[in-house]
Amino acid sequence: MSTDLESRPKADLGFIFASSVELNGFFDLLPKAKLTKGNDLVYRSLLWDGKKIAAVESGYGEENVRRATEALIDVFHPTRMISAGFASYLLAEGMDNFIQAERFLLPNGEEIDFGQNALPHDPEKDDSFLDPFFEAVMEQDPILAKKSNLPFEPLMSCEKDPSEKEGKELAEKFHLELYDRESFWVAEVCRKAAIPLLAIRFVLGKKKKKASSELKNIHKSSGSASRKFGAFLGALVREPKSLVDYYQDNMKTLVASDQIGILLRDLFKD
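These numbers were taken from a predicted model, which means no experiment stands behind them.

1. Points about the overall build of the protein
Regarding its fold elements, the protein presents 10 helices and 11 strands. By residue count, 46% of the 270 residues in the protein fall in the buried class. A separation threshold of at least 6 residues defines the contact pool for the protein, and within that pool the share at least 24 residues apart is 75%. Approximately 14,300 Å² of the protein is accessible, and the part contributed by carbon and sulfur atoms is 51%.

2. Re the environment of Ile16
As for its position among the elements, Ile16 is in strand E1 (residues 13–17). Ile16 sits in the buried class, given a relative accessible area of 3%. Separated by 41 residues in the primary sequence, Ile16 and Glu57 place their C-alpha atoms 6.0 Å from one another. Beyond its immediate stretch of four places on either side in the chain, Ile16 contacts Val56, Ser58, Val65, Ala68, Thr69, Met81, Ile82, Ser83, Ala84 and Val186.

3. Some thoughts on the pattern of salt bridges
Summed over all chains, the structure comprises 8 salt bridges. Residues Glu111 and Arg103 are paired through a salt bridge, measuring 2.7 Å at the closest nitrogen-oxygen approach. The class for Glu111 is partly exposed, based on a relative accessible area of 38%. Classification of Arg103 by relative accessible area gives partly exposed; the value is 28%. The residue Arg265 makes a salt bridge to Asp266 at a minimum N-O spacing of 3.2 Å. By relative accessible area, which is 28% here, Arg265 ends up partly exposed. Classification of Asp266 as partly exposed rests on a relative accessible area of 29%.

4. Re unusual backbone geometry
At His77, a position not held by glycine, the phi torsion is positive, near 50 degrees. Within the secondary structure, His77 sits in the loop between helix H3 (62–76) and strand E5 (80–89). Although it is not a glycine, His175 sits at a positive phi angle of roughly 55 degrees. Mapped onto the secondary structure, His175 falls in the loop between helix H6 (164–174) and strand E10 (178–180).

Here is what the cut-offs are and how they apply
Residues numbered from 1 in each chain as written. Predicted model: local features only at pLDDT ≥ 70, side-chain atom pairs only at ≥ 80, totals over all residues. Heavy atoms only, no water. Helix = DSSP H or I, 4+ residues; strand = E, 2+ residues; numbered from the N terminus. Buried < 20%, exposed > 50% of the residue type's maximum accessible area, 1.4 Å probe, protein only. Contact = heavy atoms within 4.5 Å. Areas by Shrake-Rupley, 256 points an atom, 1.4 Å probe, with all protein chains shown as cover. Salt bridge = Lys/Arg side-chain N within 4 Å of Asp/Glu carboxyl O.

Listed below in structure tokens is the structure:
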């Protein structure tokens, strides 16, 4: 199988995820992937359902996302890119739901709109590369056409989670509801490389509460398991409700990750 994998110089689909939680929801449903290290990144690649797939976990923020997206394209030359993960509400809480984005913004007003044929012209590439992802393949792929009825929403990308005040200002200034911490920079790199991008987000309806000092201690605890357990017990005794909220948030994130994986599997399986 590895020979077949390596004999195909280009990946049919390149996936980029900001976190391991987002990535694992999809790759847990696939055959075991080959792991390759380089550029301080870990790439996953495999043959699945007749397609060569490559993926990387980028981390959050402009520098990390740009570097990982450029590296994935340089190493695997994917025909199309898929960015999948979580998004959150800037202002009010809302329903958990899937959206797809083709309009990406930054807080400074910079914008990329894949719905307006935003890809630069490259005469050496087929014209289909100049179209947004769904327009390029809709007629040829009835499964994708059936699944592509996700609502379109504009997406703001922020370096860090905005405060309540910052979220309100962004929502009112740009008339949008959602943000993440990676999609704009994925879109920018794909646009420059003339590679169609599909961006899918699971919107976590309830805004996460700020972690209490006790919960932060759990994250900061290093070394032995006993130290981590001690931090856990401290939180349990002093702030039991916060610990329950923390547990529920993490469980909700894992369930959302599974939903992302199922959607991606169904979307691209022939």
